[in-house]
Amino acid sequence: MKTDFFLAFNEMVEEKQLSREVVTKALESAMVSAYRKAVTASAAQHVEAVLNLEEGKFLIYAEKEVVESVVDDRTEVSLEAARLVHPEAQLGDLVIVESTPEDFGRIAAQTARQVIQQRLRDAERSVQIVFFEKKVGEIVSGVVQSVNRDDFTIGLDKNAEGSLPKKDVIRQEENSISLHKHIRAIVTEVKDTPRGPQIMLSRVDRKFLYRLLEIDVPEIFHGIVEVRSIAREPGARAKIAVSATQAGIDPVGACIGMQGKRIQPIVKELCGE
């Protein structure tokens, strides 16, 4: 019968947005740690855990020496028992045998919880770093989670948090950024720190304007129009030099759009810049 320990597996996968393989490895590692602690096994002894989540069962396998008479069942196994698994086993051989303690389910539930949570945090951090390192220079969307003295904390994908320094927001919008507001910014840097990934964001970087142009001007996205240079006074004004890569294309007109329909959403995003 499945225990609560195993029923929580799918919940962890969904909540942490991790793959089943990542969570399974974390769980197996935690079971090995719990076994070592329960039987005070040597760190040199090879121990592995095999989980069957469908049946709600797990087994511990440990490397033991084949002996004629077992003195310490943590590290030794009888020749008769060894040959049930390894028919060709001989005295003095090292074999892997199933070694799950009878009450290990209770012990595991008590001792492995902290290890599992730490492993999951490490795995989640790794997923976040890999994901957002690929987003450097790209626009991301998030929700303001807290307003601090020097920055805004932005909730992002993958349960990550980004830092939007007040020096990197447009001056006119600083007082209007409030809790739960949806906001877009460009990822400028990702650092791996002891407290987790530090994802730096900006709305005044020139590349933020470039990415906005890519979104609203298909010709820029497809390379028909090239952005040669950008100069910004965030929130006040910006100058963009563009050129066409194909004959017959009006690069300025492509960026502005009919009656300004392409450029106006960008102007609005940048507080009238």
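First, a word on what this report is: a plain description of the structure on this page. (Residues numbered from 1 in each chain as written. Predicted model: local features only at pLDDT ≥ 70, side-chain atom pairs only at ≥ 80, totals over all residues. Heavy atoms only, no water.)

**Remarks on the sheet that holds strand 6 (residues 151–155)**
Move 1: Pairing within the closed barrel is mixed, and its 5 strands lie in the order 5-6-7-9-8. For this sheet the average axis-to-axis angle between neighbouring strands, irrespective of direction, equals 50 degrees.
Move 2: Across 5 bridges, the pairing between strand 6 and strand 7 (residues 161–165) is antiparallel. Its bridge partner being in strand 7, Ile154 is matched across the sheet by Gly162.
Move 3: Along the sheet, helix 6 (residues 206–216) makes contact with strand 5 (139–147), strand 8 (182–193) and strand 9 (196–202), crossing strand 8 at roughly 125 degrees. (Pairing = 2+ DSSP bridges. Helix = DSSP H or I, 4+ residues; strand = E, 2+ residues; numbered from the N terminus. Axes fitted to C-alpha atoms, helices over the stretch in contact; angles between N-to-C directions. Contact = heavy atoms within 4.5 Å.)

**Re the pairing of strand 6**
Move 1: Here strand 6 lies mainly inside the structure; 4 of its 5 residues are buried.
Move 2: In this structure, strand 5 lies alongside strand 6, joined through 4 bridges in antiparallel fashion. Residue Val147 lies in a different strand from strand 6, and its bridge partner there is Phe152. (Buried < 20%, exposed > 50% of the residue type's maximum accessible area, 1.4 Å probe, protein only.)

**Some details on the nonpolar core**
Move 1: In terms of nonpolar packing, the biggest core is built from 20 residues, with Met31, Tyr35, Val47, Ile60 and Phe104 touching the most fellow members.
Move 2: For this core, the leading source of residues is helix 2 (residues 20–39), giving 9 residues.
Move 3: Those residues in contact with Ile60, other than ones at most four positions away along the chain, are Met31, Tyr35, Val47, Glu48, Ala49, Val97, Glu98, Ser99, Thr100 and Phe104. (Core = buried A, V, L, I, M, F, W, Y, C linked by side-chain atoms within 4.5 Å.)

**Describing the packing of aromatic side chains**
Move 1: All chains considered together, the criterion is met by 1 aromatic pair.
Move 2: Geometrically, the ring pair formed by Phe131 and Phe132 is edge-to-face, given 4.9 Å between the ring centres and 85 degrees between the ring planes.
Move 3: For Phe131, a relative accessible area of 24% puts it in the partly exposed group.
Move 4: Here Lys158 stacks its cationic end above the ring of Phe131, 5.4 Å away from the centre of that ring.
Move 5: Note that Lys166 overlies the ring of Phe152, its terminal NZ or CZ placed 5.5 Å from the centroid. (Phe/Tyr/Trp six-rings, centres within 6.5 Å; stacked < 30°, edge-to-face > 60°. Lys NZ or Arg CZ within 6 Å of the ring centre and 35° of its normal.)

**Some details on the pairing of strand 4 (residues 94–98)**
Move 1: Alternating residues of strand 4 divide into Val95 and Val97, all buried, and Leu94, Ile96 and Glu98, none buried.
Move 2: By the bridge criterion, 5 bridges tie strand 2 (residues 57–67) to strand 4 in an arrangement that is antiparallel. When the sheet's bridge partners are listed, Lys64 is paired in strand 4 with Val95.

**A word on the pattern of salt bridges**
Move 1: Overall, the coordinates contain 14 salt bridges when judged by the stated rule.
Move 2: Here Arg262 ties to Glu219 by a salt bridge, and the two come within 2.7 Å at their closest N and O atoms. You can see Arg262 sitting in the loop between helix 8 (251–256) and helix 9 (263–269) and its partner Glu219 sitting in helix 7 (residues 218–221), a full 43 residues away along the chain.
Move 3: Residues joined by salt bridges that share partners form a network here, namely Glu173, Arg184, Arg203 and Glu269. (Salt bridge = Lys/Arg side-chain N within 4 Å of Asp/Glu carboxyl O.)

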